[in-house]
Amino acid sequence: QVQLVESGGGLVQPGGSLRLSCAASGFTFSNYALSWYRQAPGKERELVAYITPTGIITNYADSVKGRFTISRDNVRNTLYLQMNSLNPEDTAIYYCNVVLSTHNFWGRGTQVTVSS
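If you're wondering where the values come from, they're calculated on a predicted model, not measured in any experiment.

Each value, and the rule that gives it
Throughout, residues of each chain are indexed from 1 in the direction in which the sequence is written. In keeping with the predicted nature of the model, local features appear solely for residues at pLDDT of at least 70, side-chain atom pairs appear and are counted solely at 80 or more, and the whole-chain, interface and lining totals rest on all residues. Values reported for side chains reflect all heavy atoms of the structure, with hydrogen atoms and water molecules removed beforehand. For the purposes of this entry, the term helix denotes a DSSP run of H or I that reaches at least four residues, the term strand denotes a run of E that reaches at least two, and both are numbered from the N terminus. For the radius of gyration, the atoms used are the C-alpha atoms, and the globule rule reads 2.2 Å times the number of residues raised to 0.38. Note on contacts: a residue pair qualifies if any of its non-hydrogen atoms lie within 4.5 Å across the two residues. Per-residue accessibility takes into account occlusion by the displayed protein chains alone, with areas from the Shrake-Rupley method and a 1.4 Å probe. His residues and chain termini do not enter the charge count, which takes Lys and Arg as positive and Asp and Glu as negative. A charge is said to be at NZ when it belongs to Lys, at CZ for Arg, at CG for Asp and at CD for Glu. Here, nonpolar core means buried Ala, Val, Leu, Ile, Met, Phe, Trp, Tyr and Cys residues that are tied together by side-chain atoms lying within 4.5 Å of each other. When accessible area is computed with a 1.4 Å probe and restricted to protein chains, residues below 20% of their type maximum are described as buried, those above 50% as exposed, and intermediate ones as partly exposed. At least two bridges found by DSSP between two strands is the condition for calling them paired. Think of a salt bridge as a Lys or Arg side-chain nitrogen and an Asp or Glu carboxyl oxygen that are within 4 Å of each other. To get an axis, a line is fitted to the C-alpha atoms, and for a helix only the part in contact is used. The angle between two axes follows their N-to-C directions and goes from 0 to 180 degrees.

Quick notes on the overall build of the protein
For the protein, the count of helices and strands is zero helices and 11 strands. Element order for the protein, N to C, with α for helix and β for strand: β-β-β-β-β-β-β-β-β-β-β. In terms of C-alpha radius of gyration, the protein reaches 13 Å, essentially the compact-globule figure of 13 Å for 116 residues. C-alpha atoms of the protein, sized along the principal axes, occupy 40 × 25 × 25 Å. For the protein, the share of sequence-separated contacts (at least 6 apart) that also reach a separation of at least 24 residues comes to 51%. A total accessible area of about 6300 Å² is found for the protein, and carbon and sulfur atoms account for 47% of it. Across the protein, 9 positive and 7 negative side-chain charges occur, with their mean positions spaced 6 Å apart.

If you want it as structure tokens, here you go:
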């Protein structure tokens, strides 16, 4: 079965960095585009970043452009999100996502808290 397991979240001070990972299994990882989403308390889940199967094309939400970098390792079946210059507005649960045959699959998420 499809499994997505996020890790790497935590508490970080404003201006700090974190690197999130998403370990995937149960599907042919290199064939599919992948995304990172986040959901802050009281807000809807929003798309943060997207990457095509080969990693050549990436897209970002305006709020994270220039600060976050999405990447993937198609040998290790792992998706990454490098987050720099974090600010309190980045506090949220971060989820990785894959769409297979119109069905959305999600991990359980990893909490990122940006606070002094």
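That shown, we press on.
Considerations on the nonpolar core
Ranked by internal contacts, the top residues of the largest apolar core, which has 29 residues, are Trp36, Leu81, Met83 and Tyr94. Broken down by secondary-structure element, the contributors of at least two residues to this core are β3 (18–25), β4 (34–39), β5 (46–51), β7 (68–73), β8 (78–83), β9 (92–100) and β11 (110–114).

Brief notes about the pairing of strand β10 (residues 103–106)
Bridging between β9 and β10 involves four bridges; their strand directions are antiparallel. If you follow Val99 over to β10, its bridge partner there is Asn104. Taking the residues between adjacent antiparallel strands as the criterion, β9 and β10 are bridged by two residues, where Ser101 takes a positive phi near 50°.

Here we look at the environment of Ser25
Residue position: Ser25 is located in strand β3. Given the relative accessible area of 31%, Ser25 is considered partly exposed. Setting aside its immediate chain neighbours within four residues, Ser25 contacts Gln1, Val2 and Gln3.

Observations regarding the pattern of salt bridges
Taken as a whole, this structure holds five salt bridges when the rule is applied. For Arg67, the salt bridge is made with Asp90, and the minimal N-O distance between the two is 2.8 Å. With Arg67 in the loop between β6 (58–60) and β7 and Asp90 in the loop between β8 and β9, the pair connects residues that are 23 residues apart, well separated along the chain. A residue is classified by how much of its surface remains accessible, and Asp90, at 1% relative accessible area, is buried. Within the structure, one salt-bridge network assembled from shared partners comprises Arg38, Glu46, Arg67 and Asp90.

Quick notes on the sheet that holds β7
Overall, antiparallel pairing links the four strands, which are arranged β1-β3-β8-β7 in an open sheet. Looking at strand neighbours, the two that pair on one side only are β1 (3–7) and β7, the edges of this open sheet. Going across the sheet, the axis of each strand differs from the next one's by a mean of 15°, ignoring polarity. Summarising the sheet, β1 and β3 pair through five bridges and their orientation is antiparallel. Pairing of Ser7 across the sheet is with Ser21, part of β3.

Keep in mind these values describe shape, not function.
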